[in-house]
Amino acid sequence: MTSYSIVIHHPRQGETYRIRVRGDEYILLAAEGQGRPLPYLCRNGACTTCAVKVLSGEVDQPEAMGLSSELKAQGYALLCVAHARTDLEVELQDEDEVYYLQFGQYFDRGKVQIGLPLEGD
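What you are looking at is a predicted structure, and each value in this text was computed from that prediction instead of being measured.

Definitions and limits used
Residues numbered from 1 in each chain as written. Predicted model: local features only at pLDDT ≥ 70, side-chain atom pairs only at ≥ 80, totals over all residues. Heavy atoms only, no water. Phe/Tyr/Trp six-rings, centres within 6.5 Å; stacked < 30°, edge-to-face > 60°. Helix = DSSP H or I, 4+ residues; strand = E, 2+ residues; numbered from the N terminus. Buried < 20%, exposed > 50% of the residue type's maximum accessible area, 1.4 Å probe, protein only. Lys NZ or Arg CZ within 6 Å of the ring centre and 35° of its normal. Contact = heavy atoms within 4.5 Å. Pairing = 2+ DSSP bridges. Patch = residues over 30% accessible without salt bridge, like charges linked within 9 Å, V, L, I, M, F, W, Y side chains within 5 Å. Areas by Shrake-Rupley, 256 points an atom, 1.4 Å probe, with all protein chains shown as cover. Salt bridge = Lys/Arg side-chain N within 4 Å of Asp/Glu carboxyl O. Lys, Arg positive; Asp, Glu negative; His and termini not counted. Charge placed at Lys NZ, Arg CZ, Asp CG, Glu CD. Core = buried A, V, L, I, M, F, W, Y, C linked by side-chain atoms within 4.5 Å. Polar contact = N/O pair within 3.5 Å; in protein donor to acceptor, adjacent residues only side chain to side chain. Axes fitted to C-alpha atoms, helices over the stretch in contact; angles between N-to-C directions.

Draft legend 1. Molecular detail of the packing of aromatic side chains. Taken as a whole and judged by the stated rule, the model has one aromatic pair. Both rings, one in tyrosine 99 and one in phenylalanine 103, keep their centres 4.7 Å apart while their planes meet at 50 degrees; by these two values the pair is tilted. Taken together, the residues span about one helical turn, with tyrosine 99 and phenylalanine 103 both in helix 3 (residues 95–103) at a distance of four residues. For phenylalanine 103, a relative accessible area of 28% gives the class partly exposed. A cation over an aromatic ring shows up here: arginine 43 above the ring of tyrosine 40, its NZ or CZ 3.8 Å from the ring centre.

Draft legend 2. Spotlight on the environment of glycine 57. Its location among the elements puts glycine 57 in the loop between strand 3 (51–56) and strand 4 (59–60). Among all residues touching glycine 57, those that are not within four sequence positions of it are Thr86, Asp87 and Leu88.

Draft legend 3. Summary view of the pairing of strand 2 (residues 15–22). Note: strand 1 (residues 3–10) against strand 2, eight bridges, orientation antiparallel. Residue pairing for strand 2: histidine 10 is matched across the bridge by glutamate 15. Here strand 1 folds back onto strand 2 in antiparallel fashion, the turn holding four residues, of which glycine 14 has a positive phi close to 65 degrees.

Draft legend 4. Local environment of a negative patch on the surface. Together, Asp94, Glu95, Asp96 and Glu97 line one region of the surface with negative charge. As for its position among the elements, aspartate 96 is in helix 3.

Draft legend 5. Region of interest: the nonpolar core. Counting 30 residues, the largest nonpolar core has Ile6, Ile8, Ile27, Leu38 and Leu79 as the members making the most contacts within it. When residues of this core are traced back to their parent elements, those giving at least two are strand 1, strand 2, helix 1 (27–33), strand 3, strand 5 (76–78) and strand 7 (88–92). The dominant element in this core, judged by the number of residues it contributes, is helix 1, at four residues. Those residues in contact with leucine 38 that lie beyond four places of it in its chain are Ile8, His10, Tyr17, Leu28, Ala31, Leu79 and Leu92.

Draft legend 6. Broad picture of the side chain of threonine 48. With respect to the helices and strands, the residue threonine 48 is situated in the loop between helix 1 and strand 3. Residue classification places threonine 48 among the buried residues on the basis of a relative accessible area of 2%. Engagement of the side chain of threonine 48 in a polar contact is seen with the backbone oxygen of glutamate 95, the distance being 3.3 Å. Contact partners of threonine 48, with chain neighbours within four places excluded, come to Gly66, Leu78, Glu95, Val98 and Tyr99.

Draft legend 7. View of the sheet that holds strand 1. Spatial strand order, 2-1-7-3-5: five strands in an open sheet with mixed pairing. Of all strands in the sheet, those with a lone pairing partner are strand 2 and strand 5, marking the two edges. Each strand of the sheet is rotated relative to its neighbour by a mean of 35 degrees, with strand direction disregarded. Bridge analysis of strand 3 against strand 7 gives four bridges, and the strand direction is antiparallel. Along strand 7, the bridge assignment pairs valine 52 with leucine 92.

Read these as layout, nothing more, since geometry by itself doesn't imply function.
Have a look at this one:
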């Protein structure tokens, strides 16, 4: 199996990691196995805790439910479900910022109404 070189910038800790990853393994798991613990929560592609911005290279992440196709097109990836397809350089992102990019358009839109309005609405 082909392996790839991954450079991971961790700005919150002021560190940069270099790891090797096989194309058939998740980047997050490979990093952990090489002594580079990275942020994560769900491990199944549903949240944005392990989000990165891909600075160069390509990933495959069909299981990344926590990112819209628009964010994927802008170069965001979730390391817990991402496979390297080339050598990569990525930068860890602030979870709240990525979450806002993903769902911010839904904030401040007023009350959500389901079914019949309640008394006084």
